Amino acid sequence: MTRSRPILTPAQVMQRAMRWDFVAAAVVAVGAAVIGWFVAAWTGALSGLIGGAIVAALTAITATAVRISGRRASGPENAIPFIVVITTSWLLKLIVFVGLVLTLSHQSWVQPTVLFLAIIVGIVASLMVEILVIVRSRVLYVPDGE
């Protein structure tokens, strides 16, 4: 006998995706810290942890934007505010990312290669997690009663 998956709202799907994004960022941070330790001792380990933290911070910005825009997007008349919130979050993520990378790249206690690779692996892991959660979720496309 097979168990069917429950039908979720889009907000529940995004909440599940963001939760797993944070788990993926933590796994990447620990893995990058271990690999960084073998590459450049403490500076490599610290750089791996910082890379994972940056991915978690970018994920937090996405989660916040989705929650804010999800509350506002109740119909087609709210499409513009939805787009504004999401686009603003992308711009904020870009500014945060560039600012952190420019600031950290000049620090003597950061191993830039480990930091860069941790961020790239974290972003790819985050995208993979979001795809898997969305593909495996059942979402009602038409509201009940219509």
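Just so we're clear, the structure is a prediction, and the values are computed from it rather than from any experiment.

Rules used throughout
- Residues numbered from 1 in each chain as written.
- Predicted model: local features only at pLDDT ≥ 70, side-chain atom pairs only at ≥ 80, totals over all residues.
- Heavy atoms only, no water.
- Helix = DSSP H or I, 4+ residues; strand = E, 2+ residues; numbered from the N terminus.
- Buried < 20%, exposed > 50% of the residue type's maximum accessible area, 1.4 Å probe, protein only.
- Contact = heavy atoms within 4.5 Å.
- Areas by Shrake-Rupley, 256 points an atom, 1.4 Å probe, with all protein chains shown as cover.
- Core = buried A, V, L, I, M, F, W, Y, C linked by side-chain atoms within 4.5 Å.
- Patch = residues over 30% accessible without salt bridge, like charges linked within 9 Å, V, L, I, M, F, W, Y side chains within 5 Å.
- Salt bridge = Lys/Arg side-chain N within 4 Å of Asp/Glu carboxyl O.
- Expected span 1.5 Å × (residues − 1).
- Phe/Tyr/Trp six-rings, centres within 6.5 Å; stacked < 30°, edge-to-face > 60°.

### Remarks on the overall build of the chain
Looking only at helices and strands, one finds three helices and two strands in the chain. Along the chain, helices (α) and strands (β) appear in the sequence β-α-α-α-β when read from the amino end. When the 146 residues of the chain are sorted by exposure, 31% land in the buried category. Partitioning the contacts of the chain with sequence separation of at least 6, the portion at a separation of at least 24 is 79%. Summing over all exposed atoms, the chain offers an accessible surface of approximately 9800 Å²; the carbon and sulfur share of this is 72%.

### Notes on the environment of P6
Along the chain, P6 turns up in the segment before β1 (7-8). Taking C-alpha positions, P6 is 8.7 Å from V139, a pair spaced 133 residues apart along the chain.

### Some points on the nonpolar core
One recurring pattern in soluble globular proteins: nonpolar side chains tend to sit buried together. Core analysis: the largest hydrophobic core is formed by eight residues, namely L8, V13, A17, A24, V28, A125, V129 and V133. Elements supplying a minimum of two residues to this core: α1 (10-72) and α3 (112-136). Tallying contributions element by element places α1 first for this core, with four residues. Counting seven residues, the second largest nonpolar core, distinct from the first, contains I54, L104, V110 and I119.

### Re a nonpolar patch on the surface
Side chains of V30, V34, W37, F38 and W42 sit close together on the surface and give an oily, nonpolar patch of about 630 Å² of accessible area. Tracing the chain through its elements places V30 in helix α1.

### What about helix α2 (residues 79-104)?
With 26 residues, α2 extends 37 Å from end C-alpha to end C-alpha; this agrees with the ideal 38 Å at 1.5 Å per step. Those residues of α2 that fall on the buried side of the exposure criterion are I86, S89 and L104.

### A word on the environment of G52
Inspection of the secondary structure assignment puts G52 in helix α1. What makes G52 buried here is its relative accessible area of 3%. Through-space distance from the C-alpha of G52 to that of A25 is 5.3 Å; in sequence the pair is 27 residues apart. Apart from residues lying up to four places away in sequence, G52 is in contact with A25 and A29.

### Here's the deal with the packing of aromatic side chains
This structure, assessed with the given rule, holds one aromatic pair. Relative to W42, the ring of W37 lies with its centre 5.0 Å away and its plane at 75°, an arrangement referred to as edge-to-face. For W37, a relative accessible area of 38% corresponds to the partly exposed category.

### So, unusual backbone geometry
Located in the positive-phi region is A41, a residue other than glycine, with phi close to 55°. Here A41 is to be found in helix α1.

### Concerning the side chain of T62
Its location among the elements puts T62 in helix α1. Among residues more than four places away in sequence, those in contact with T62 are M18 and K93.

Just distances and angles here, no functional claims.
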